[in-house]
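# Descriptive analysis of the structure
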Amino acid sequence: MTFRKGNPSYVSCLMKDVLKSWPWYFTSIVATIVYLLMDFYMRKMIGTVADDIIYQKESFMMSFVLLLGSTFLASPFHGISTYTKGRMSEEVLLKLRLAIGKKTTKLSMPYLETHDSGEIISHLGSELDTLNGFTYYGLSMVTTLFVQLIGVTGFMLAVDPEITIVFILLSLLVLPFSILLTKQVRRNEKVYRSQLAKSQQRAKEGINFITLVKAFRLEKMISNQYEKALHQATDAAIKNEKTVAYVAAAGKAIGFIPLTVMIALGVFRIFEGTLTQGELLSLVAIGGGFFSWLQGTPDTVAYLRKAQVACERVYGFLDLPEEENGTETKRHQKDSCMVKIDDVHFAYPGEKEVLYGISMEISEGESVALVGASGSGKSSIIKLICGFITPDSGSVEVMGNPIEDWNKEAMRRNIAFVGQESHLFPGTLRENLLTNHMNIEDEKLMALCKRAGLEALLGERGLDGSVGEAGFQFSGGEKQRITILRALLKDADLILLDEPTSALDAVSEESIQECLRMLTKGKTSLTIAHRMATIKNADRIYVLHQGRIVQCGSHDELFKQEGQYRKMLKLQELKERVI
Ligand SMILES: Nc1ncnc2c1ncn2[C@@H]1O[C@H](COP(=O)(O)OP(=O)(O)OP(=O)(O)O)[C@@H](O)[C@H]1O
């Protein structure tokens, strides 16, 4: 996709994309121009045939053949113009859809965490539809405007210069009038688009979190928010419809002036003997056709303004800064520290600092744990290692390379992550397990699934059975075990676990611990754990308190110290005894 960073003229970006489909675009323009010229010629010939009949000229047959010939010849060009316009629009649309999809995966995490996904859905939906309409109708109208003007002027001038000049000057009054009166359409369209996006987001939340919505009886809240956004969108759309209606009505009223003046002048000239009835008929046919086209301009200009907003929103989205990526091709430097974080300070945009001078190391093959109260910054450290967030100061090295030098996709190929919530993608069980397009024999895959306690599941649907939308058909424990197997099959060098058992009960947790042991065996791992018992065997434990590392050591070392670790352990033991 072509777009220039920071350039507000996104319409020119759309034009560049249109020009990439230049064979279709130019064919459509040429076909439209030929069609228009033939149409004007045909209109002119109507008057000539009329005069030939009135004055019983011998040229009647010839004029009649020319009139019929131009009518028949014009039609295929109209067909070619329609097809090529459609073809070009679809090509542009496909490129934009692909670019939006790709962009979504490249946006920075802070952007995705702070923006509604409804925005992205609206870019892919109604905004692209508007752009499609623009490339199909609007663009050819704008591009052929001059041909219309020149064609009309030329053909009419050939009939009668005086009437032509009066008619064209009066007709052109409609253009500035349309541009001025449709100014506020753009403002309302912006409100319409953003509120529509908001309503789509609310609807999506209602569907995605249906269990939560029903359990907490949030239906009313969600539907109120949905309705409010939808009403605001509709209000803005209605305001626009009103403006367009006023402008269209006024355009029609003003529109009759040039036509009436032309007919009056023409009749006067017929009586004067300086114009024939046929010539007036030609003038009315050409001018009338052009004028019905020009009368539609208020609608067209309003539509172009809407398309401009859609263009700004779609290309503005494509112009958003992407996740920072190193340009060098880095590889995992064996025998170097897997992770080295040195004096890192970090604050989320517009928030106060959440990490204060964090320093930690994870050597190859080590199993390291991170513990701390909720909100102490554990997940933020994982995001730092994955390159989802960038430190404000200090440095992060992953697999022997400064994180800013890594191409993030290449780096993450070496990292497997299991988070607090598991998610299955629509598709088969096999597709959910083999994310790296790797070839693994079915027997081996089945054996792993059995070890992970997924035997019953396999029996029912096999590896190629569908997991359903978002894995709704699976229990939390089953989904989490599939997620862990997915990480295991990735065969990554570094395993990051962010409380993978926090959402499960003690019984499910036990079955998952076995999967986790399979996953981390012989690998370097960093585990965030809320149950202290699960990380007792870690080589090293970092204790985080309000964004700072306050203790570091093995379980035995930390247990001997009077500190945060011991406090947390005692608190948990107490809780478990009460339970
Ligand atoms: N995207 C974000 N934007 C702004 N603040 C954030 C964001 N993500 C986390 N925070 C804040 O940063 C702090 C640390 O959050 P973090 O998720 O790292 O803590 P945590 O120790 O993993 O917590 P928990 O155990 O509850 O998951 C918290 O105060 C949190 O509110």
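None of the values given here were measured: they were computed from a predicted structure. (Residues numbered from 1 in each chain as written. Predicted model: local features only at pLDDT ≥ 70, side-chain atom pairs only at ≥ 80, totals over all residues. Heavy atoms only, no water.)

### Let's talk about the sheet that holds strand E8 (residues 524-528)
- Spatial strand order, E6-E7-E8-E3-E9-E10: six strands in an open sheet with mixed pairing. In this open sheet, the two edge strands, each paired with only one partner strand, are strand E6 (415-418) and strand E10 (548-553). Pairs of neighbouring strands in the sheet enclose a mean axial angle of 15°, with direction left out of account.
- The pairing of strand E9 (residues 540-545) with E10 spans five bridges and is antiparallel. Residue Tyr542 lies in a different strand from E10, and its bridge partner there is Cys552.
- Helix-sheet contacts for helix H14 (residues 378-386) involve strand E3 (367-372), E6, strand E7 (494-498), E8 and E9, and the interaxial angle to E7 is about 150°. (Pairing = 2+ DSSP bridges. Helix = DSSP H or I, 4+ residues; strand = E, 2+ residues; numbered from the N terminus. Axes fitted to C-alpha atoms, helices over the stretch in contact; angles between N-to-C directions. Contact = heavy atoms within 4.5 Å.)

### What to know about the pairing of E9
- A large share of E9 lies buried, amounting to five of its six residues.
- With five bridges connecting them, E3 and E9 associate as parallel partners. Residue pairing in the sheet places Val368 in a bridge with Arg540 of E9.
- Two successive antiparallel strands, E9 and E10, enclose a turn made up of two residues, where Gln546 displays a positive phi of approximately 45°. (Buried < 20%, exposed > 50% of the residue type's maximum accessible area, 1.4 Å probe, protein only.)

### Points about the nonpolar core
- Grouped together as the largest cluster of nonpolar side chains are 31 residues, with contacts concentrated most on Ile341, Met360, Ile381, Ile385 and Leu526.
- Those elements that place two or more of their residues in this core are strand E1 (339-347), strand E2 (353-362), E3, H14, strand E4 (393-398), E7, E8 and E9.
- With five residues, the top contributor of residues to this core is H14.
- Each residue touching Ile385, except ones within four places of it in the same chain, is listed here: Val339, Ile341, Val398, Ile403, Met411, Ile415, Leu494, Leu496 and Leu526. (Core = buried A, V, L, I, M, F, W, Y, C linked by side-chain atoms within 4.5 Å.)

### Here we look at the UniProt feature "transmembrane region" (unreviewed entry) in the protein
- The positions UniProt marks with the feature "transmembrane region" (unreviewed entry) are residues 22-38, 59-80, 134-156, 163-181 and 244-268.
- The distance separating the terminal C-alpha atoms of residues 59-80 is 32 Å; by composition the span is 95% helix and 0% strand. (UniProt positions renumbered as here; feature names shortened; annotations may be inferred.)

### Some points on the site of the ligand
- Close to the ligand lie 15 residues, the nearest being Glu113, Ser374, Gly375, Ser379 and Ser380.
- Gly377 has a polar backbone atom sitting 3.0 Å from an oxygen atom of the ligand.
- Contact with the protein chains removes 66% of the 640 Å² of surface that the ligand exposes when unbound.
- For the shell around the ligand, the per-class residue count stands at three nonpolar, seven polar and five charged. (Near = heavy atom within 4 Å. Polar contact = N/O pair within 3.5 Å; in protein donor to acceptor, adjacent residues only side chain to side chain. Areas by Shrake-Rupley, 256 points an atom, 1.4 Å probe, with all protein chains shown as cover. Nonpolar A, V, L, I, M, F, W, Y, C, P; charged D, E, K, R; others polar.)

### Section: the packing of helix H1 (residues 10-20) against helix H3 (residues 60-106)
- For the pair H1 and H3, the least separation of the axes is 9 Å and the interaxial angle reads 120°. What the angle tells us is that H1 and H3 run oblique. Crossing hand, H1 versus H3: right-handed. The segment H1 lies against H3, with Leu14, Asp17, Val18 and Lys20 engaging Met88, Val92, Lys95 and Leu96.
- Of the residues assigned to the contact of H1 with H3, the class counts are five nonpolar, no polar and three charged. (Parallel < 35°, antiparallel > 145°, perpendicular 65-115°, else oblique. Left-handed = near helix turned anticlockwise from the far one by under 90°.)

### Points about the sheet that holds E2
- Taken in spatial order, the four strands make up an open sheet running E2-E1-E4-E5, and their pairing is antiparallel. Edge positions in the sheet fall to E2 and strand E5 (401-402), since each of these pairs with one other strand and no more.
- Where E1 lies against E2, six bridges are found, and the strand directions are antiparallel. Residue Ile341 lies in a different strand from E2, and its bridge partner there is Met360.
- Of the strands in this sheet, E1, E2 and E4 are in contact with H14, which crosses E2 at around 65°.

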